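Fold and contact review
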Amino acid sequence: MAIDEKDILRQLADPSTQRKAFELIVSKYSETLYWKIRHIVLNHDDADDVLQNTFIKAWVNLADFRQLSKISTWLYRIAINESLDFIRKRKNMQDLSVDEAAGVANMLMADEFFDGDRAQAILQEAIALLPDVQRTVFTLRYFDNMKYGEMSKVLNTTEGALKASYHIAMQKVTDYVKKHQ
C-alpha cells in the first residue's frame, strides 16, 4: 500500500514517527534522485556518494522543511545543489578541452554500471561539456521531462531563464553530437 505525501508529512511532524517517515522518503525517492544526480555527476560511485549526502542534508535540515513545496521538490533542490557542489569541488568539467572530453565517453564505456552504447556515451560527453547551470537544466528537462514551473521552484529562477538555458544547451549538445557521430 502506497503512503501519500500528506501521511508522510504528518508522520514527519510527530517525533515518534519521524524516523520511520524519513525511511519511507528514502525508499520512495532514492532511485529517482539517484538518476537525477547520475545525469549530472556521470559516475555511479560519485552519484551514490552525492545521494547519501543528499539524504544526510535532508535529515539534518528536516526541521527547516516548511512544507511549502512537495517533498520531491525539496529533495530535488538538495540533490541538485549537492551535485553542483560536488562538480565544483572536482575538476570543473566545463574547462575540459575537446580532446579531454573524449575521456568522459571512454570513462562511461568502462563503467560497469553504464548500460548505454557509444551514442549515449557521446551524448553524456556533450552534456558534460555544458556549464553547470545549462547541464542541470538540460538534464532535468531532457531526461526527467520536468516542467519549467517545477524546475523554477527547484532551481529558484525564472521560467524564461530556464527556457533560454535549455535552448542554448540543446543547441550545444546537438552540435557536439553531430560533430562526433
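Quick note: structure is the one above.
Listing the buried residues of helix α1 (residues 5-13) in full gives E5, I8, L9, Q11 and L12. The arc that holds every buried residue of α1, seen down its axis, measures 165°, which confines them to one face. Structural note: α1 exposes K6, R10 and A13 on the side pointing more than 90 degrees away from its buried face. Looking at the buried positions of α1, the neighbouring elements they touch are α2 (18-41) and α4 (71-89).

What follows concerns the packing of aromatic side chains. The full count for this structure, using the stated rule, is seven aromatic pairs. Taken together, the ring pairs connect F138, Y142, F143 and Y166 into an aromatic cluster. Its guanidinium or amino end placed over the ring of Y76, K36 lies 4.4 Å from that ring's centre, counting from NZ or CZ.

Right, let's get into the nonpolar core. Counting residues in each nonpolar core, the largest one holds 47 residues, and the members touching the most others are I25, L33, V41, I71 and L75. Broken down by element, the residue count for this core peaks at ten residues, all from α4. In this view, V41 contacts D46, A47, V50, S83, F86 and I87; residues no more than four positions away in its chain are not counted.

So, about the packing of α4 against helix α7 (residues 132-142). Their axes nearest at 11 Å, the elements α4 and α7 cross at an angle of 140°. By the angle class used here, α4 and α7 are oblique. Seen from above, α4 lies across α7 with right-handed handedness. Only D132, R135, T136 and L140 of α7 make contact with α4, whose side of the interface consists of I80, L84, I87 and R88. Along the lines of polarity and charge, the residues of the contact of α4 with α7 split into four nonpolar, one polar and three charged.

Calculation rules
Residues numbered from 1 in each chain as written. Predicted model: local features only at pLDDT ≥ 70, side-chain atom pairs only at ≥ 80, totals over all residues. Heavy atoms only, no water. Buried < 20%, exposed > 50% of the residue type's maximum accessible area, 1.4 Å probe, protein only. Helix = DSSP H or I, 4+ residues; strand = E, 2+ residues; numbered from the N terminus. Arc of directions from axis to C-beta. Contact = heavy atoms within 4.5 Å. Phe/Tyr/Trp six-rings, centres within 6.5 Å; stacked < 30°, edge-to-face > 60°. Lys NZ or Arg CZ within 6 Å of the ring centre and 35° of its normal. Core = buried A, V, L, I, M, F, W, Y, C linked by side-chain atoms within 4.5 Å. Axes fitted to C-alpha atoms, helices over the stretch in contact; angles between N-to-C directions. Parallel < 35°, antiparallel > 145°, perpendicular 65-115°, else oblique. Left-handed = near helix turned anticlockwise from the far one by under 90°. Nonpolar A, V, L, I, M, F, W, Y, C, P; charged D, E, K, R; others polar.

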